[in-house]
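Descriptive analysis of the structure
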Amino acid sequence: MSVAYEPTGVPALNLRAQYQSIRDEIEPVVRQVLESQGFVMGPEVSHLEAEIAEYCGAAHAVGCASGTDALLLPLMAIDLGPDDEVITSPYTFFATGGSIWRTGARPVFVDIEPDTYNIDPARIEAAITPRTKAIIPIHLYGQTADMDPIREIADRHGLMVLEDAAQAIGAAYQGRRAGTLGTVAAFSFYPSKNLGGFGDGGMIATDDPVLARRMARLRVHGMEPKYHHHEVGLNSRLDALQAAVLRVKLRHLDDWTTARREVADRYRSLFASHGLDEMVGLPIERPGNFHVYNQFVIRVPGPIRDELRQHLTDRKIGTEVYYPIPLHLQTCFSSLGYQYGDFPQSEAAARETVALPIYPELSEAEQRLVVGAMHQFLHDRAYPSLFTDRAA
Ligand SMILES: *Cc1c(COP(=O)(O)O)cnc(C)c1O
């Protein structure tokens, strides 16, 4: 008889389990790159670009050094500058706003929907001015933003739509994958993303051949051909080692996505069977969306969120808050003139959300430990009164 494995803690992220499962495939391709001594760009990068384009259903893909650069390069390619504005939501990783700022343009924030945490399309139109050049919807946590109304508004005003798909490779909207839902899309290969490299990396996808060529030139100092510089770009080349690793991992991505979705379903059943589904806000998947669960983010009333995290930390259960400070309240953006109260949905999400461990390899026993510890906290400490009716 086998002895059931009893976990004594659950890390927020566990990359080792995944590496161990593909080590035998990774080592030969890494060795090949080492033997070639060709480390920057080259055939591995070109192959990865073709494979990612095909995976998304986009005509072109351009590799670059990070997800941040994958946001910056398309903005540079439309010659964004100090007279321009770009609309996005403030409840995101810093890079979304930072890349707009880097071009000299002004980030203009629009609040999120409280249930998906993505930009609220109904609020976009009011933020458009004659200076607006682009909209950056973020597919937060692995679920696409509501792209039909966003595209409709963008088309009517002649705006570029740049998908921040850093957390959403493989996600789909009405049957179409992230990467083909706007003008251009940015992916990140940061190790914690669904397709993560062994370091930094990024990719831009688009159907527009002119835009693709311009971004490919901008990532190599605006150079084309060698030593002829048409404009000042970046050094944002992708490493061959990263591309080789990512090509191996891409073959597993759909299986890992399936596993992430199973983990999410199992969380939902466990929350329900503990009677917690009423008092914890669980992630929703909108009809027509295919969520890839880069994160499984739940919501509890503000005052107890940090106490709950401490309770879980004390039991060696890792959690994270994505993101505790919305961009409109970041010190570096204070000159934009926003203040607390401007985006109540983003501010509430920043106070109330917590990300639980999720990765393809997460076991049911580990999930039971997480939900059991939450039950203990919510039952014994935070909401005992809510349970008295049910206890019988
Ligand atoms: C990770 C991330 C980025 C930036 O990607 P890097 O590869 O870390 O530069 C941008 N936007 C979002 C929403 C992200 O999660």
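The rules behind these values
- Residues numbered from 1 in each chain as written.
- Predicted model: local features only at pLDDT ≥ 70, side-chain atom pairs only at ≥ 80, totals over all residues.
- Heavy atoms only, no water.
- Pairing = 2+ DSSP bridges.
- Helix = DSSP H or I, 4+ residues; strand = E, 2+ residues; numbered from the N terminus.
- Axes fitted to C-alpha atoms, helices over the stretch in contact; angles between N-to-C directions.
- Polar contact = N/O pair within 3.5 Å; in protein donor to acceptor, adjacent residues only side chain to side chain.
- Near = heavy atom within 4 Å.
- Areas by Shrake-Rupley, 256 points an atom, 1.4 Å probe, with all protein chains shown as cover.
- 1 Å grid on protein atoms, 1.4 Å probe; cavity = no way out; pocket = protein on both sides within 12 Å on 5 of 7 lines; lining within 4 Å.
- Sits in = over half its atoms within 2 Å of the grid points.
- Nonpolar A, V, L, I, M, F, W, Y, C, P; charged D, E, K, R; others polar.
- Phe/Tyr/Trp six-rings, centres within 6.5 Å; stacked < 30°, edge-to-face > 60°.
- Buried < 20%, exposed > 50% of the residue type's maximum accessible area, 1.4 Å probe, protein only.

If you trace the seven strands from one edge of the open sheet to the other, you get S1-S9-S8-S5-S4-S2-S3, paired in mixed fashion. In the strand order of this sheet, the two ends are held by strand S1 (60-64) and strand S3 (106-109), each with one partner. On average, adjacent strands in this sheet sit at an angle of 25 degrees to one another, irrespective of strand direction. By the bridge criterion, three bridges tie strand S5 (residues 160-164) to strand S8 (residues 184-188) in an arrangement that is parallel.

Attention shifts here to the environment of Glu 27. Locating Glu 27 in the fold gives a position in helix H1 (residues 15-36). Residues Glu 27 and His 157, 130 residues apart in the sequence, show an inter-C-alpha distance of 50 Å. There is a polar contact of 3.5 Å between the side chain of Glu 27 and the side chain of Tyr 19.

Around the ligand, a shell composed of 15 residues is seen, among which Gly 67, Thr 68, Gln 167, Ser 188 and Lys 193 lie nearest. In the environment of the ligand, an oxygen atom lies 2.8 Å from a nitrogen or oxygen atom belonging to the side chain of Gln 167. One of the side-chain nitrogen or oxygen atoms of Lys 193 is found 2.8 Å away from an oxygen atom of the ligand. Isolated, the ligand exposes 380 Å² of accessible area, and the fraction of that covered by the protein chains is 93%. Because more than half of its atoms lie within 2 Å of the grid, the ligand is assigned to the largest pocket. Only helix H3 (67-77) and helix H4 (94-102) provide two or more residues apiece to the shell around the ligand. In terms of residues, the shell around the ligand owes the most to one element, H3, which gives three residues. Its residues assigned to classes, the shell around the ligand comprises six nonpolar, seven polar and two charged.

Turning our eyes to something else, we now look at the packing of aromatic side chains. What the rule picks out here adds up to 15 aromatic pairs. Between Phe 109 and Tyr 338, the aromatic rings sit 5.4 Å apart at their centres with planes inclined by 50 degrees, giving tilted as the arrangement. With Phe 109 in strand S3 and Tyr 338 in the loop between helix H9 (302-314) and helix H10 (344-352), the pair connects residues that are 229 residues apart, well separated along the chain. Classification of Phe 109 as buried rests on a relative accessible area of 4%. Chaining the aromatic ring pairs together yields one cluster made of Tyr 91, Phe 93, Tyr 117, Tyr 141, Tyr 322 and Tyr 323.

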